[in-house]
Number of protein chains: 2
Amino acid sequence: MFTPLFYVYLLNDTQDIFYRFKMLSYTEENYLKIIFSLSYPNSLEITTNDIAKKLEINPASVSDMLKKLNQKKLIDYAKYQGVRLTNEGKKIAIEIVRKHRLWETFLVDKLNFSWDEVHDVAEQLEHIQSSLLIERLYKFLDCPKFDPHGEPIPDEHGEFPVTENLICLNSCKNQQKIQVKSITDDSSALLQYLSKISVSIGVSIEICDKNSYDNSIDVIINENKNVTLSKEISEKIYGVLL
Amino acid sequence: MFTPLFYVYLLNDTQDIFYRFKMLSYTEENYLKIIFSLSYPNSLEITTNDIAKKLEINPASVSDMLKKLNQKKLIDYAKYQGVRLTNEGKKIAIEIVRKHRLWETFLVDKLNFSWDEVHDVAEQLEHIQSSLLIERLYKFLDCPKFDPHGEPIPDEHGEFPVTENLICLNSCKNQQKIQVKSITDDSSALLQYLSKISVSIGVSIEICDKNSYDNSIDVIINENKNVTLSKEISEKIYGVLL
DNA sequence: ATAAATTTTTAGACAAATCTAAATTATAAT
DNA sequence: ATTATAATTTAGATTTGTCTAAAAATTTAT
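Each chain carries its own residue numbering, running from 1 in the written order of its sequence. Labels are handed out in written order, letters beginning with A for the chains and numbers beginning with 1 for the ligands. At least 70 in pLDDT is required for a residue's local features to be given in this predicted model, at least 80 for side-chain atom pairs to be given and counted, and no such filter applies to totals for whole chains, interfaces and linings, which use all residues. Heavy atoms from the whole structure form the basis of all side-chain values; hydrogens and water molecules are not counted.

Caption draft 1: Representation of the overall build of chain A within the structure. In terms of helices and strands, chain A carries 8 helices and 10 strands. Here's how the labels work: a residue is buried when its accessible area is under 20% of the maximum for its type, exposed when over 50%, partly exposed in between, all with a 1.4 Å probe on protein chains only. Taking all 242 residues of chain A together, 45% fall into the buried category. Contact between two residues is taken to exist if any of their heavy atoms lie within 4.5 Å; hydrogens are not considered. Counting only contacts in chain A whose residues sit at least 6 apart along the sequence, the fraction spanning at least 24 positions is 60%. The secondary structure listing takes helices from DSSP runs of H or I that are at least 4 residues long and strands from runs of E that are at least 2 residues long, numbered from the N terminus.

Following this line, the structure appears as C-alpha cells:
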C-alpha cells in the first residue's frame, strides 16, 4: 500500500556537497509540523482527531498518513494509540518551524508586512528546499531569536533560545500585570483583532477582573485602555510579570 | 476525463480584497512557463516533444496536460497541431517569469548567492502565491529591470523593459567585438563554466576565428584571455556591438 | 460489567500527474 | 504515390493524498 522508506543522496543547492536527505513531500512536512506544534513543548501524545481538526481533513486520511510516517520512522504510532514524533521527525519539524519563523521575520522586517499578513505566505515559504537559502536568510536577518509574534526561532542546530519564564495571561490573578512577550497563534484573525485593541509585543496588560462564567477577563492595556478578553484570546497571550 | 474550467473568488494574502483568480497547480504553471520560454520572443508554435524534452517527461504525459490547458483556455491546441499560449496563458506565464527573475535578483543582491546558485531555488520560489509579496519584493529590490543574468524582468503590468538591440555572440563575424549583456540560460552548469572562463555581464568578447566544422568560435575575453567556445555556449551569450 | 457513544481504522473510490506500450497521424524519402 | 520514419495520441496502469461509508476498537456512562 505504501512505498518503502528510502534515502537518497541528492545534490542540494547546486552545491558540490552531497548530504543525506530524507525525501519528504509538502504534505508529509505539514503533518510533522502540525504534530510538533500540537505537542509542543511537552512532546504530548497526539490523536488522529487532533490532526484531522487542525488540517481540516477527514480522520480517515490522517490514519493513512500516520501509517506512512510511521513506516518512515518519523513518528511512533500504533493503531488507536496516538502519535509522537521520533527524534528524526522532531528534527525535521523543528527545521520547518525555523523556516516558517525566519520567513515571517523577513516579511515583517524587510518587506514591511504587518504581523497579521505573514502567516499564509510563510506557510508556503517554509517548504522551500534549500539549506543554503535558509542559512543566508538567517544571517541576512542578523540571526534573530524571536519572530514578529515573539515566538522563539530555533538556531541552525535546532536549539530554541532560552526564554524568560513566560506566563499565560489566562493564568494571571487579579491586579497582576504582565508585559506581552509572545502570541502563540499567528492566524490573521487573531492578530488583526489584537492590533485593533492595541495589543502588541511589549505592551503591558493588567488584570482587573475575572469572569468565572465564561472565563473572560477585564484588562487594562498600556495603562489606558479597558478591554474584555475572551478565554480564547487570553490563553494565546504570554508575557513576564511586571 | 478532466474537470471543467472554473474560476473561484479567493481571499488573497489575507487582504480584504477579492479578485479573480485562476486556480493553477504548480505543474500547470510550469507548463505555461516552459511554453512561454520556448516560444519567446516570437510566440512560435511549440511541439509536444519540445515540451517533453524540456521537462524531461514522456510525450504522452504532455499530451494529457495540453488537453487540459486547452480546456482551461490557457493555450490554443489542436491534436497534432502544436501549441501556442492564449493571452490569458501568456499573462500567467509572464507573471511566473517575473517572479522567477525577481527572486534570482533577491538571492544575488541580498543573500550573496553567486549567479550559478540561484536557478533551483528560484524554480521553487516562483510558485509562491502572493501578489502582495511580489510587489513588496519588487520595491525592496528597487524595481530592477534585469536579473543577475541580464534577462529582462517584466514590470507589474507584464511589460518587458525595452532593451538595446542585442545580438547573439553566435551570429557575430570575425573581428567583431561585443559587450556581454545577457545569458539566456540560468542553469548552474553553464554559469559555472562561464565564471571559470571569466565571462560575466559587462565583459567584452572579441571573435577571432570561426570553425565551420563544429561551429565553435575562438574569442578573446576582456582583451586578455583566449578561449574556444562551443556553439552550445556561444548561442546563449548576447550583447551589444562595441 | 455492559451498553452507548465516540474515536479510529479499513475498504473502496477518485483526481492529478505521471508512466509504458500500442495505435494513429504526420512528415520525409524514394 | 507509396512507404518508412518520426511524432503524437490513446489506453490502461501507478502513486499520492484525499474522500465516504462501514467496521472495529476504545472510552464513557450507567
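Caption draft 2: Looking closely at the pattern of salt bridges. Residues and elements named next belong to chain A. Salt bridges are defined by distance alone: a side-chain nitrogen of Lys or Arg within 4 Å of a carboxyl oxygen of Asp or Glu. The tally for this structure, following the rule as stated, stands at 22 salt bridges over all chains. A salt bridge links glutamate 28 to lysine 68; the shortest N-O distance between them is 3.5 Å. With glutamate 28 in helix H1 (residues 26-39) and lysine 68 in helix H3 (residues 59-71), this pair connects stretches of sequence that are 40 residues apart. Residues aspartate 147 and arginine 101 are paired through a salt bridge, measuring 3.9 Å at the closest nitrogen-oxygen approach. With aspartate 147 in the loop between helix H6 (131-140) and strand S5 (167-168) and arginine 101 in helix H4 (residues 87-109), this residue pair connects regions lying 46 residues apart in the sequence. Judged by its relative accessible area of 7%, aspartate 147 is buried. Residue arginine 101 is classed as buried on the basis of its relative accessible area of 16%. Within this structure, Glu28, Lys68 and Lys72 form a network of salt bridges that share partners.

Caption draft 3: Structural context of the protein's contact with DNA strand D. Residues in close proximity to DNA strand D total 22 residues, the closest being A:Ser25, A:Ser61, A:Lys68, B:Ser63 and B:Tyr77. The sugar-phosphate portion of DNA strand D accounts for 77% of its atoms within 4 Å of the protein, the bases making up the rest. Counted as a polar contact is a pair of N or O atoms within 3.5 Å, where, for protein atoms, one must be capable of donating a hydrogen and the other of accepting one, and residues adjacent in sequence contribute only when both atoms are in side chains. At 2.9 Å, a side-chain N or O of B:Thr48 approaches a phosphate oxygen of DNA strand D. Taking B:Ser63, its side chain carries an N or O atom lying 2.5 Å from a phosphate oxygen of DNA strand D. Going through the elements one at a time, H1 and H3 of chain A together with helix H2 (48-55) and helix H3 (59-71) of chain B are the ones with two or more residues in the surface near DNA strand D. If one sorts the elements of the surface near DNA strand D by residue count, H3(A) sits on top with 5 residues. Residue composition of the surface near DNA strand D, grouped by class: 9 nonpolar, 9 polar and 4 charged. Working definition: residue near molecule or strand if any one of its non-hydrogen atoms lies within 4 Å of it. Residues are grouped as follows: nonpolar covers Ala, Val, Leu, Ile, Met, Phe, Trp, Tyr, Cys and Pro; charged covers Asp, Glu, Lys and Arg; every other residue, Gly included, is treated as polar.

Caption draft 4: Representation of the sheet that holds strand S8 (residues 216-221) of chain B within the structure. All names here are of chain B. If you trace the 6 strands from one edge of the open sheet to the other, you get S5-S10-S6-S7-S8-S9, paired in antiparallel fashion. Each edge of the open sheet is held by one strand with a lone partner, namely strand S5 (167-168) and strand S9 (225-229). Summarising the sheet, strand S7 (residues 204-211) and S8 pair through 6 bridges and their orientation is antiparallel. By the bridge assignment, aspartate 209 is partnered in S8 with aspartate 218. Angles run from 0 to 180 degrees between N-to-C directions of axes, and those axes are lines fitted to C-alpha atoms, restricted for helices to the stretch in contact. Along the sheet, helix H7 (residues 188-196) makes contact with strand S6 (177-183), S9 and strand S10 (237-241), crossing S9 at roughly 155 degrees. When DSSP finds two or more bridges between a pair of strands, those strands are recorded as paired.

Caption draft 5: Seen up close, the packing of aromatic side chains. In this analysis, rings of Phe, Tyr and Trp, with Trp reduced to its six-membered ring, are considered paired at centre separations within 6.5 Å, and the interplanar angle assigns stacked below 30 degrees, edge-to-face beyond 60, and tilted for intermediate values. Enumeration over the complete set of coordinates arrives at 13 aromatic pairs over all chains. Measuring from centroid to centroid gives 5.3 Å for A:Phe36 and A:Tyr40, while their planes differ by 40 degrees, and the two rings are tilted. Chaining the aromatic ring pairs together yields one cluster made of A:Trp103, A:Phe106, A:Phe140, B:Trp103, B:Phe106 and B:Phe140. A ring is considered to have a charge above it if a Lys NZ or an Arg CZ atom is located within 6 Å of its centre and within 35 degrees of its normal. Geometry around B:Phe140 places B:Lys110 over its ring, the cationic atom sitting 4.6 Å from the centre.

Caption draft 6: Looking closely at the nonpolar core. Definition used in this section: a nonpolar core is a set of buried Ala, Val, Leu, Ile, Met, Phe, Trp, Tyr and Cys residues joined via side-chain atoms within 4.5 Å. Ranked by internal contacts, the top residues of the largest apolar core, which has 37 residues, are A:Trp103, A:Phe106, B:Trp103, B:Phe106 and B:Leu137. Elements with a minimum of two residues in this core: H4, helix H5 (119-125) and H6 of chain A together with helix H4 (87-109), helix H5 (119-125) and helix H6 (131-140) of chain B. It is H6(A) that provides the largest number of residues to this core, a total of 6 residues. A:Phe106 has contacts with A:Leu111, A:Leu137, A:Phe140, A:Leu141, B:Phe106, B:Leu137 and B:Phe140, leaving out every residue within four places of it along the chain. The next biggest cluster of nonpolar side chains, apart from the first, holds 23 residues, and it includes B:Ile51, B:Leu66, B:Leu69 and B:Tyr77.

Caption draft 7: A look at the side chain of A:Thr86. Residue and element names in this part refer to chain A. Residue placement: threonine 86 occurs in the loop between strand S4 (83-85) and H4. Of note is the side chain of threonine 86, whose polar atom sits 3.1 Å from the backbone nitrogen of glycine 89. Leaving out residues up to four positions away in the same chain, threonine 86 has contacts with Lys73, Leu74, Ile75 and Asp76.

Caption draft 8: Summary view of the interface of chain A and chain B. With 27 residues of chain A at the interface, the matching set in chain B holds 27 residues. Connecting chain A to chain B are 0 salt bridges. For the side of chain A that touches chain B, the secondary-structure elements that each account for two or more residues are H4, H5, H6 and helix H7 (188-196) of chain A. The element contributing the most residues to the side of chain A that touches chain B is H6(A), with 5 residues. Taken together, the residues of the side of chain A that touches chain B sort by class into 12 nonpolar, 9 polar and 6 charged.

Caption draft 9: Main features of unusual backbone geometry. The backbone phi angle of A:Cys143 is positive, close to 45 degrees, even though this residue is not glycine. Relative to the assigned elements, A:Cys143 resides in the loop between H6 and S5.

Caption draft 10: Here's a closer look at the state of the cysteines. Cysteine sulfurs are considered disulfide-paired once they come within 2.5 Å of each other. Throughout the structure, instances matching the rule amount to 0 disulfides over all chains. Summary of cysteine pairing: A:Cys208 is not part of a disulfide, and the nearest cysteine sulfur, belonging to A:Cys172, is at 12 Å.

Caption draft 11: A look at the pairing of strand S10 (residues 237-241) of chain A. Residue and element names in this part refer to chain A. For S5 and S10, the ladder comprises 2 bridges, and the chain directions are antiparallel. Residue cysteine 168 lies in a different strand from S10, and its bridge partner there is tyrosine 238. Of the strand pairs in this sheet, strand S6 (residues 177-183) and S10 are connected by 5 bridges, and their pairing is antiparallel. Its bridge partner being in S10, glutamine 179 is matched across the sheet by valine 240.

Caption draft 12: Fine view of the domain arrangement of chain A. Residue and element names in this part refer to chain A. Domain parsing of chain A yields domain 1 (1-161) and domain 2 (167-241). These domain boundaries are the output of an automatic or database domain assignment. Here the C-alpha centre of domain 2 lies 29 Å away from the C-alpha centre of domain 1. Across the contact, 9 residues belong to domain 1 and 13 residues belong to domain 2. Regarding the contact of domain 1 and domain 2, the summed buried area is about 880 Å², with carbon and sulfur atoms giving 55% of it. In this assembly, domain 1 and domain 2 are joined by 0 salt bridges. For the interface between domain 1 and domain 2, the tally reads 6 residue pairs in polar contact (both at pLDDT 80 or more). Split into classes, the residues belonging to the side of domain 1 that touches domain 2 amount to 2 nonpolar, 4 polar and 3 charged. Once two parts are brought into contact, the accessible area they lose, counted with a 1.4 Å probe and summed over both, makes up the buried area.

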